[in-house]
Amino acid sequence: MMVPAAHGQDGFDPNWYDATRQYVKIGTVEDGIHHLSGENLSELGIAIASIDPATIQIFQNGKEIPVLFEANGVSLQSTDTLRFVGFRNTGDDEDYLY
């Protein structure tokens, strides 16, 4: 969800990407509300204790989407949860290839 579609596509803004920040790609296979815990991120090798939940952003096709946080402090804990509405890749953003 955090990898941008092709540059130049209608409505796509590549300016969201900052090469100095760490990104994690979140794949979704179904449309709907998705849950991601601090434990999930920790299992990916991310040092969650150094992350302020308020700084987390989720992007879909280069546009930031809303995230609901259930966090207990100023650093991300394994029991904290992020919820967002995500959509599976339907290939619509690749129409320009065909």
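You'll find the structure just up there.
What counts, and where the lines are drawn
Residues numbered from 1 in each chain as written. Predicted model: local features only at pLDDT ≥ 70, side-chain atom pairs only at ≥ 80, totals over all residues. Heavy atoms only, no water. Patch = residues over 30% accessible without salt bridge, like charges linked within 9 Å, V, L, I, M, F, W, Y side chains within 5 Å. Areas by Shrake-Rupley, 256 points an atom, 1.4 Å probe, with all protein chains shown as cover. Salt bridge = Lys/Arg side-chain N within 4 Å of Asp/Glu carboxyl O. Helix = DSSP H or I, 4+ residues; strand = E, 2+ residues; numbered from the N terminus. Pairing = 2+ DSSP bridges. Axes fitted to C-alpha atoms, helices over the stretch in contact; angles between N-to-C directions. Buried < 20%, exposed > 50% of the residue type's maximum accessible area, 1.4 Å probe, protein only.

1. Some points on a nonpolar patch on the surface
Together, Ile33, Val85 and Phe87 make up a nonpolar patch on the protein surface, roughly 290 Å² of accessible area in all. By the element assignment, Val85 lies in strand E5 (residues 81–86).

2. With respect to the environment of Thr79
Tracing the chain through its elements places Thr79 in the loop between strand E4 (68–70) and E5. Along the backbone, Thr79 and Glu39 are 40 residues apart, and their C-alpha atoms lie at a distance of 6.6 Å.

3. Considerations on the sheet that holds strand E1 (residues 32–37)
Taken in spatial order, the 3 strands line up as E1-E5-E4 in an open sheet, and their pairing is antiparallel. Among the strands making up the open sheet, the edge pair consists of E1 and E4. Strand-to-strand twist across the sheet, computed as the mean angle between neighbouring axes with direction ignored, equals 25°. In terms of strand pairing, E1 meets E5 through 6 bridges, oriented antiparallel. Across the sheet, His35 pairs through a bridge with Arg83, a residue of E5.

4. Focus on the pattern of salt bridges
Tallied over the full model, the rule gives 2 salt bridges. Here Arg88 ties to Asp31 by a salt bridge, and the two come within 2.6 Å at their closest N and O atoms. Of the two residues, Arg88 sits in the segment after E5 while Asp31 sits in the segment before E1, which places them 57 residues apart along the sequence. Given the relative accessible area of 39%, Arg88 is considered partly exposed. Since its relative accessible area comes to 41%, Asp31 is described here as partly exposed. Among the ionic pairs, Arg83 bridges to Glu70, the shortest N-O distance being 2.5 Å. Taken together, the residues Arg83 in strand E5 and Glu70 in strand E4 connect sequence positions 13 residues apart.

Read these as geometric descriptors, not functional statements.
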